[in-house]
Amino acid sequence: MHYEADAPSLPHNPFKAIVAPRPIGWISAMDARGRVNLAPYSFFNAVGGEPDMVMFSSSGRKDAMTFAEEGGAFVCSLATHALREAVNATSAPLPRGESEFGIAGLTPAPSRKVRPPRVAESPAAIECRWLQTVPLVPLGGGEPNNFLVIGQVVSIYIDDRFVRDGRVDTGAMRPILRGGYFDYFTAEPETRFELRRPKGGG
């Protein structure tokens, strides 16, 4: 079958179920007044290396985006299976400036190089300086509804328990990943396998 965006043939859009599973950016940001926002974003990923960069995409001008712009920074705490209920709790819409840390029973921990706190209960966090926000203008023009927020990594926190032989054991932290609809997945250590890049011909 073919699913056309302008002529849906399924009761639910399959897009997010196919572009999956997706990492979750658990984004904390602080506005110019020092108010903190914490929210999960499943449109999130690494987008560059040397220097390392990450992005998250906001549907509408939500607090994480506007706070990151005002404060010039944001933090991505790792969303894990152990913290799944807290991650979900922080997705609830709250009045601007009301901190999701308290609602979800989480502890803000000071970051090393940026003002927004990381989630103390999370085993890893990436501190970023805000670089730019890119409005994603749709085909045919019009006002954008989606905004790509890009940050450069300036510091990374990792719980020592998950550093083994100089490498981070991703599977042991059990990050959760987003699928379509209400589906989530977990990265498990036993599913890990290694592939070496081929050297090429000649």
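Use the structure listed above.
Cut-offs and rules
Residues numbered from 1 in each chain as written. Predicted model: local features only at pLDDT ≥ 70, side-chain atom pairs only at ≥ 80, totals over all residues. Heavy atoms only, no water. Phe/Tyr/Trp six-rings, centres within 6.5 Å; stacked < 30°, edge-to-face > 60°. Helix = DSSP H or I, 4+ residues; strand = E, 2+ residues; numbered from the N terminus. Lys NZ or Arg CZ within 6 Å of the ring centre and 35° of its normal. Pairing = 2+ DSSP bridges. Axes fitted to C-alpha atoms, helices over the stretch in contact; angles between N-to-C directions. Buried < 20%, exposed > 50% of the residue type's maximum accessible area, 1.4 Å probe, protein only. Contact = heavy atoms within 4.5 Å. Core = buried A, V, L, I, M, F, W, Y, C linked by side-chain atoms within 4.5 Å.

What follows covers the packing of aromatic side chains. By the definition in use, this model includes three aromatic pairs. A ring pair is formed by Phe56 and Phe74, whose centres lie 5.2 Å apart and whose planes are at 85°; its orientation type is edge-to-face. Taken together, the positions of Phe56 in strand S5 (residues 53-59) and Phe74 in strand S6 (residues 73-78) put the pair 18 residues apart, joining distant regions of the chain. Site record: aromatic cluster; members linked through ring pairs are Tyr41, Phe56 and Phe74. In this arrangement the basic side chain of Arg61 is found over the ring face of Phe147, its NZ or CZ atom lying 5.6 Å from the centre. When the ring centre of Tyr157 is taken as reference, the NZ or CZ atom of Arg118 above it lies at 3.6 Å.

For the rest of this paragraph, the subject is the sheet that holds strand S10 (residues 146-158). Ordered in space as S3-S2-S6-S9-S10-S5-S4, the seven strands form an open sheet in which the pairing is antiparallel. With one partner strand each, in any of the chains shown, strand S3 (36-41) and strand S4 (44-48) form the two edges of the open sheet. Averaged over all neighbouring strand pairs, the angle between strand axes comes to 35°, with direction disregarded. Here strand S2 (residues 25-30) pairs with S6 via four bridges, running antiparallel. The residue of S6 that forms the bridge with Ser28 is Val75.

When we look at burial in helix H2 (residues 63-71), the residues that qualify are Asp63, Ala64, Met65, Thr66, Phe67 and Ala68. Along its buried surface, H2 packs onto S2, S3, S5, S6, strand S9 (124-136) and S10. Of the residues flanking the end of H2, it is Gly72, one or two places downstream, whose phi is positive at about 75°.

For the rest of this paragraph, the subject is the nonpolar core. One finds Ile27, Val54, Phe56, Phe74 and Cys76 to be the most contacted residues of the largest nonpolar core, which totals 17 residues. Listed by contribution, the elements that provide at least two residues to this core are S2, S3, S5, H2, S6 and S10. When neighbours within four sequence positions are excluded, Cys76 is seen to be in contact with Trp26, Ile27, Phe44, Val54, Ala124, Ala125, Ile126 and Cys128. By size, the runner-up hydrophobic cluster in this structure holds 14 residues, among which are Val36, Ala86, Ala104 and Leu106.

The next point concerns the side chain of Asp169. Topologically, Asp169 is positioned in the loop between strand S12 (167-168) and helix H5 (170-173). Taking the relative accessible area as the measure of exposure, Asp169 reaches 10% and is therefore buried. When neighbours within four sequence positions are excluded, Asp169 is seen to be in contact with Phe162, Arg164 and Arg192.

This part is about the sheet that holds strand S13 (residues 176-178). A sheet is described by the order of its strands in space; here three strands give the open sequence S1-S13-S14, paired in antiparallel fashion. With partners counted over all chains shown, the strands left at the sheet margins are strand S1 (22-23) and strand S14 (184-186), one partner each. In the sheet, S1 pairs with S13 via two bridges, with the strands oriented antiparallel. Looking at S13, one finds that Arg22 is bridged to Arg178.

The topology assignment puts Ala125 in strand S9. Looking at Ala125, the relative accessible area reads 2%, which means it is buried. For the pair Ala125 and Ser155, spaced 30 residues apart in the sequence, the C-alpha separation amounts to 8.5 Å. In contact with Ala125, not counting residues within four places along its chain, are Val75, Cys76, Ser77, Arg118, Ser155, Ile156 and Tyr157.

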